[in-house]
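So the chains spell out like this:
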Amino acid sequence: MKAAVWDFVSAHAEMLGIKPICRVLEGLAPGVSVVVAILGGMDEKTFWALMDELSCRPRGRHERLEWLRGELRCRPAAESVEFQARLEAACEAVATGALWRAVRRIEGGLCSDDGFDYFALWLVAQGQGTYKAVLADPDVLADVTEVRALVGRHPREWCDDEWPEWEELDYVAQEVFDELTGREDDCSEAFYEALDAVQETWAKPEEEIYTVEATVRIGTPRLDALFPVEAGSQS
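Since the structure is predicted, the reported quantities are computational estimates derived from the model, not experimental observations.

**Topic: the pattern of salt bridges**
If the charged atoms of two oppositely charged side chains come close together, the side chains can form a pair.
Here's step 1: Going through the model one piece at a time under the given rule, you end up with 10 salt bridges.
Here's step 2: A salt bridge links Glu53 to Arg57; the nearest nitrogen and oxygen atoms lie 3.1 Å apart.
Here's step 3: A relative accessible area of 31% places Glu53 in the partly exposed class.
Here's step 4: The partner of Asp224 in a salt bridge is Arg105, with the nearest N and O atoms 3.1 Å apart. Residue Asp224 is located in helix α15 (residues 221–226), and its partner Arg105 is located in helix α8 (residues 97–106); the two are separated by 119 residues in the primary sequence.
Here's step 5: Residues joined by salt bridges that share partners form a network here, namely Glu66, Arg69, Arg73, Glu175 and Glu179.

This is the structure in structure tokens:
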């Protein structure tokens, strides 16, 4: 029965608009779970519902990521791919000059290129409301509880979980996908092929989902007041 359903979906993939995804996943064991994933998928609302919940989960980051893994494990494998695609799209929108300056201000000029990528992941994990507000006005970071907890302390004093960066979030979807598909030993090749296929199927308007009109305000006066520049700390 499962193989018959898979054969039907594969045969009608072009009509359903899912041919690129089928081409990548057809090597996986045929199953209803994969078919449902292709036909359904993780939409923007579902993605942000997960991020909103992640932002308010109790306990530390490790426990919060384990909760997210559990949520993705309950879904078809292809939804982990779409989750990653939406996560990357949201992070790309964070790469603005204003936010670069804001993060460097918070971190005392220590933010590297990779560090900024991890900041983008952290920001997405704050939930949709905070994410959109900060994109529109980076000075809103001055209101974020985790940022205010760093005020008056040198970055050397921050614990790993206190940094406004979250690299590990970037690996969750791939880990769950590999686990669900039994591809844990193939260096995640299937996951990234599927990710490329999903991103290729998205039209331009999809890429603009996370675009937020930039604020006309100049600078971050409140953030600057919380994190004054030390002599020689920023160039």
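**Regarding the packing of aromatic side chains**
Here's step 1: Summed over the entire model, instances satisfying the criterion amount to 9 aromatic pairs.
Here's step 2: Taking 5.1 Å as the distance between ring centres and 75° as the angle between the ring planes, the aromatic pair formed by Phe47 and Trp48 counts as edge-to-face.
Here's step 3: The buried category is assigned to Phe47, whose relative accessible area is 0%.
Here's step 4: Plain terms: the ring middles of Phe191 and Tyr192 are 5.1 Å apart, the flat faces sit at 80° to each other, and that makes the pair edge-to-face.
Here's step 5: Just above the ring of Trp166 sits the side chain of Arg61; from NZ or CZ to the centre is 5.2 Å.

**Brief notes about the packing of helix α5 (residues 44–56) against helix α6 (residues 61–73)**
Here's step 1: Running from N to C, α5 and α6 cross one another at 150°; their axes reach a closest spacing of 9 Å. By the angle between their directions, the pair α5 and α6 is classed as roughly antiparallel. The handedness of the crossing between α5 and α6 is right-handed. Along its contact with α5, which presents Leu50, Met51, Glu53, Leu54 and Ser55, the element α6 presents Arg64, Leu65, Trp67, Leu68, Glu71 and Leu72.
Here's step 2: When the residues that make up the contact of α5 with α6 are grouped by side-chain class, the tally is 7 nonpolar, 1 polar and 3 charged.

Reading the values: rules and limits
Residues numbered from 1 in each chain as written. Predicted model: local features only at pLDDT ≥ 70, side-chain atom pairs only at ≥ 80, totals over all residues. Heavy atoms only, no water. Salt bridge = Lys/Arg side-chain N within 4 Å of Asp/Glu carboxyl O. Buried < 20%, exposed > 50% of the residue type's maximum accessible area, 1.4 Å probe, protein only. Helix = DSSP H or I, 4+ residues; strand = E, 2+ residues; numbered from the N terminus. Phe/Tyr/Trp six-rings, centres within 6.5 Å; stacked < 30°, edge-to-face > 60°. Lys NZ or Arg CZ within 6 Å of the ring centre and 35° of its normal. Axes fitted to C-alpha atoms, helices over the stretch in contact; angles between N-to-C directions. Parallel < 35°, antiparallel > 145°, perpendicular 65-115°, else oblique. Left-handed = near helix turned anticlockwise from the far one by under 90°. Contact = heavy atoms within 4.5 Å. Nonpolar A, V, L, I, M, F, W, Y, C, P; charged D, E, K, R; others polar.

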